[in-house]
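Architecture and fold: a report
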Amino acid sequence: MHELSLAQSILDQVAKMAGGRGIRVLEIGVGELMQVDRKAFEQAVKVLMSGPGFEGAALRVRVEKASFSCRRCGSKWKMADVRKQLSGLPDSLKVREPEDRASPLHFLPYLYTAFVRCPKCGSSDIYAGSGKELVLRGLILK
Amino acid sequence: MSDAAAKEGLLLAVKKRLDDVGKVVMVGGGKGGVGKSLVACGLAISLAKSGAKVGVLDLDIHGASVPEYLGVGPPLESDARGLKPKRAKGLKVMSVGLFTGSRPVPMRGDDKEALVAQLFSLTVWGRLDYLVVDLPPGLADEFLTALKLFGRKASLVLVTTPSPIALKVVGRLRTLARGEGISLRGVVLNMSSMRALGGVIHPLGRADRGALESLLEAKVLAEVPFEPRVGVTELRALLRRRGEFSDGFTSLARTVSGTEGNERP
Ligand SMILES: [Zn+2]
């Protein structure tokens, strides 16, 4: 639900890099771990792109898969396992949004070690190799 | 963090949010258990008393105690602009503890910088006169991260007890801070004394103020006596009572805000 603020932060970065030039293509990667609603995020970016500099710009938003590995036993897993674990999160730790409740990782994806464990050995000494960040993947200027 | 572009985006978001903050006061202690979080929270309460807009950012990721001192807890709320800080009678508070409750937070260094940047920049602080940052013990990543993120607006308050071990550790922090070019406000001598058996005792040793100041090359901003009711009675209530404990914080807040002798009723 803070898609708007995420969109704003990416567009601030774009504006800084463009330095006044127009934008032709804008590519954004959204880490799966952030559990961002892709459509809502895309919509938010489009709303903010209605300003000057973005006329005729093409927008591509891609959700980037998250992958996890255990430092203890070496096993690897994907977001589906993490979703399962997060579904057991007590309501008291979910962030109240105007129309929903969100996992803390929606805001602080880097906090995953507090909420995710190795599905095989139960260790918290785990590592997310990808899919945890919001990132500007491509920018083509006019 | 793995990705340079993502990192740059976060730093930019931090910079933007920081534009609305007057001064950043980082409270660090080097050694654990010296009462750094207590001093950070007491300072924030005392600064707010004079009408200043004050935020508290708890960077003690593994042992967040700011929420306890200020009487706030999960759940958090958010809106389209970001996370709403918890309100504690005029203070705005953000802490990892507000996401994790009593869960442990195992975390390795590489993700901490991004976490800290996100925690600060996603919070809708609004305009602040002061952001008080409670640093983690030691010279961990969060300390260097905080210097990097807030350095341009930040000054450092060091907390120590009179114990020789604590002094040694705080001395190292002082050296590190100097190397990083951060301005040092001074030192708070916590648990400097205690009332017992009808007199005053110094359970952790008696620190000679002058010797301490020349050792750390910094001014002692305040001495705070050991207050046994901390953790039992609300901190705010303790600071309302007259006495050496609240006096310590009042004088600390005055030096930090540069309003010596400008007391409000
Ligand atoms: Zn494992």
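Keep in mind that this is a model prediction, so the values were computed, not measured.

All right, on to the overall build of chain A then. Counting its regular elements, chain A contains three helices and eight strands. When the helices and strands of chain A are read in sequence order from the N terminus, they spell out α-β-α-β-β-β-α-β-β-β-β. For chain A, the spread of C-alpha atoms along the three principal axes comes to 50 × 35 × 20 Å. Here chain A holds 142 residues, and 51% of them are scored as buried. Pairs at least 24 residues apart make up 74% of the contacts formed inside chain A by residues separated by at least 6 positions. Entry remark: accessible area of chain A is about 6,700 Å², with carbon and sulfur atoms responsible for 50%. Each charge class in chain A was averaged separately, 23 positive and 15 negative side chains, and the resulting centres sit 7 Å apart.

Moving on, we come to the overall build of chain B. Secondary structure assignment for chain B yields 10 helices and 12 strands. Against the compact-globule benchmark of 18 Å for 265 residues, chain B has a radius of gyration of 18 Å, which places it among compact chains. Along the first, second and third principal axes, the C-alpha set of chain B runs to 60 × 40 × 35 Å. Across the 265 residues that make up chain B, the buried fraction comes to 54%.

Before going further, it helps to spend a moment on the coordination of the zinc ion. Residues and elements named next belong to chain A. Distances from the zinc ion to its protein donors, Cys70 (SG), Cys73 (SG), Cys118 (SG) and Cys121 (SG), fall at 2.3 to 2.4 Å. Classification of the site at the zinc ion rests on its four donor atoms, whose angles at the metal span 106 to 114 degrees, yielding the label tetrahedral. Within one chain, the residues serving as donors to the zinc ion are arranged as C-x2-C-x44-C-x2-C. Of this pair, Cys70 sits in strand β3 (residues 67–70) while Cys118 sits in the loop between β6 (101–102) and β7 (126–130); the two residues are 48 residues apart in sequence, bridging distant segments of the chain. Judged by relative accessible area, Cys118 falls into the buried class, the value being 3%.

As a further point, take the pattern of salt bridges. In this structure the tally under the stated criterion is 24 salt bridges over all chains. Residue B:Asp19 is joined to B:Arg152 by a salt bridge in which the shortest nitrogen-to-oxygen separation is 3.5 Å. With a gap of 133 residues between them, B:Asp19 in the loop between α1 (4–18) and β1 (21–28) and B:Arg152 in the loop between α6 (141–150) and β8 (154–160) connect regions that are remote in the sequence. Residue B:Arg178 is joined to B:Glu217 by a salt bridge in which the shortest nitrogen-to-oxygen separation is 3.0 Å. A residue pair is termed long-range when its members are at least 10 positions apart, and B:Arg178 in helix α7 (residues 164–179) and B:Glu217 in the loop between α8 (209–216) and β12 (220–224) qualify at 39 residues. Under the relative-accessibility criterion, B:Glu217 is labelled exposed at 52%. Through salt bridges that share partners, A:Arg38, A:Glu42 and A:Lys46 make up one connected network.

What counts, and at which threshold
- Residues numbered from 1 in each chain as written.
- Chains lettered and ligands numbered in written order.
- Predicted model: local features only at pLDDT ≥ 70, side-chain atom pairs only at ≥ 80, totals over all residues.
- Heavy atoms only, no water.
- Helix = DSSP H or I, 4+ residues; strand = E, 2+ residues; numbered from the N terminus.
- Buried < 20%, exposed > 50% of the residue type's maximum accessible area, 1.4 Å probe, protein only.
- Contact = heavy atoms within 4.5 Å.
- Areas by Shrake-Rupley, 256 points an atom, 1.4 Å probe, with all protein chains shown as cover.
- Lys, Arg positive; Asp, Glu negative; His and termini not counted.
- Charge placed at Lys NZ, Arg CZ, Asp CG, Glu CD.
- Rg over C-alpha atoms; globule rule 2.2 N^0.38 Å.
- Donors = N, O, S within 2.8 Å, 3.2 Å for Na, K, Ca; no water.
- Tetrahedral: all angles 85-135°; square planar, octahedral: opposite > 155°, others 65-115°.
- Salt bridge = Lys/Arg side-chain N within 4 Å of Asp/Glu carboxyl O.

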